[in-house]
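# A structural walkthrough
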Amino acid sequence: MTRLIRSLVDDCTSRGFDPDVVDAEIVDRTIGDVDLRRVVESDGDHDYRELADDMGVALPGERIGGRLATGHRWWWLRERMADAEAELLACGYDPRVYDVGGLGNPILRAGLAEDVNRAWGTTASVGQVALGLGATDCLDKVLRGLADRAAERGEAPGDLLFPVPGFAVPVLQSRSYGYGVHEAITGSENGFKLTGALLSEHLLRNPGITVVYLCVVSNPTATAYTAEEIEDLLGVVREATRQGRKLWVLADVAYVGTGRPDEDERRMWALSADREVREQIVYIGSFSKTHCLTGERFGWVVFGSVRVAVSLGPSWTNSVATLPGDWQLRYMAYRALFREDPALPEKVRSLYRLRRRRLGRQLRRLDEEFQLFDEVYDHDSTIYVWARLRAGEDGLTVFEKTGIAGIPGSTFGFTDDYIRFSIGIVPVPADE
């Protein structure tokens, strides 16, 4: 769907159509990236047009949202990168030379460990943190590492349990490393989430399952696991472990930080509280969606123990080997920025909430006109709105009638009776 929309826009451009007309008639809500250069919203609390300047995305003198950017943060980030390089050299780490481990520099990894320990109640050390080029790169490395460990024992990697609908990339990655895949079909009756009972059922029926993928705040459905739901799931993992079964939980936390802060804190403390199963959890995070930094590819992994981190280290050594020097310095600079100005991530959350509410209202208004949806779900998290279509409708008919392009449910291993819309790329008009 995304390729179709981009091809259509390119075709209109080549024909010389008025760009304003094209923008009004073709609304791309397929991809989740929030383009800070196209933010035009403001409300009583925030002027979101300043975000591109505040986040160091806008070039000095660039016109953003009808105003000239100062570029103050653009310069600040580069100055902080120089400071970070001097700091690394002083401790004996040169980001410009070969680093065979490929895990990333120790100062940044220690800082990220400090951040998650404070936010989640974990006790991670620098040795439990590894860096990656986004969450998907981190997922790939972890799955490959677990498969390599199994091969060393002369075993198959086992099977991945994948809740559906879900972000399908881990399925493709798993299959490439020889895993089998079992789908746990969810639905509106359980909030499109894996339950303890469903997990227990699949483990009983499928003894080959070795990895459970858990998207803590979900793409595509925008649902988020509560602390109680996480405790229920970990209880099943704990019981299976006591019976001699080895299970890994890949906790994708890339969207933790897009909803309510108090709820995020409770769910992450619940995910980290059980010492008996913590070593079997691999946390995989990113600044991409929570901080509007998708193109920067800032990803990280926190392993449940140093022992696990060491055993999976070859996945880093045998892929990137060394991480890009400037990338690490910029990652350090952004972490420093968010510590210095903690209001920035909260401003991003607020923008997401504003857009979600506006898009929900717009979709309901369009439903009154075109009878498109059986339900538009209200989940106050992520950068998506999930909806169930009426009989006879699909992504193409919705686009034909409204000009709004979404991603059909089949992309997420589900049914095309559902569709996902993104609040990224383009704003939602205030009068909708």
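To keep things clear, this report deals only with the structure shown in the data block.

Parameters and conventions
Residues numbered from 1 in each chain as written. Predicted model: local features only at pLDDT ≥ 70, side-chain atom pairs only at ≥ 80, totals over all residues. Heavy atoms only, no water. 1 Å grid on protein atoms, 1.4 Å probe; cavity = no way out; pocket = protein on both sides within 12 Å on 5 of 7 lines; lining within 4 Å. Points joined across faces, edges and corners; volume = space filled by probe spheres on them. Helix = DSSP H or I, 4+ residues; strand = E, 2+ residues; numbered from the N terminus. Nonpolar A, V, L, I, M, F, W, Y, C, P; charged D, E, K, R; others polar. Axes fitted to C-alpha atoms, helices over the stretch in contact; angles between N-to-C directions. Left-handed = near helix turned anticlockwise from the far one by under 90°. Contact = heavy atoms within 4.5 Å. Pairing = 2+ DSSP bridges.

The final tally for this structure, using the stated rule, is two cavities of 30 Å³ or more. Considered as a void within the structure, the largest cavity measures approximately 80 Å³ in volume. Taken together, 13 residues make up the lining of the largest cavity; nearest its centre are Pro163, Pro165, Cys215, Ser218 and Tyr225. Of all the secondary structure elements, the ones that give two or more residues to the lining of the largest cavity are strand S5 (159-164) and strand S7 (209-215). In the lining of the largest cavity, the residues fall into nine nonpolar, three polar and one charged. Considering only enclosed or pocket space, the second largest cavity measures out at about 60 Å³ in volume.

The N-to-C vectors of helix H5 (residues 106-120) and helix H14 (residues 325-340) enclose an angle of 35 degrees; their axes lie 10 Å apart at closest approach. Between H5 and H14 the crossing geometry is left-handed. Where H5 abuts H14, its residues Ile107, Leu108, Gly111, Leu112, Glu114, Asp115 and Arg118 lie against Gln328, Tyr331, Met332, Arg335 and Arg339. Looking at side-chain class alone, the contact of H5 with H14 contains five nonpolar, two polar and five charged residues.

In a beta sheet, neighbouring strands are held together by backbone hydrogen bonds and run either parallel or antiparallel to one another. On the basis of which strands lie adjacent, the open sheet formed by seven strands has the order S4-S10-S9-S8-S7-S5-S6 and mixed pairing. A strand with exactly one partner marks an edge of an open sheet, and here the two such strands are strand S4 (129-132) and strand S6 (180-185). Direction aside, neighbouring strands of the sheet carry axes that sit 20 degrees apart on average. Where S5 lies against S6, six bridges are found, and the strand directions are parallel.

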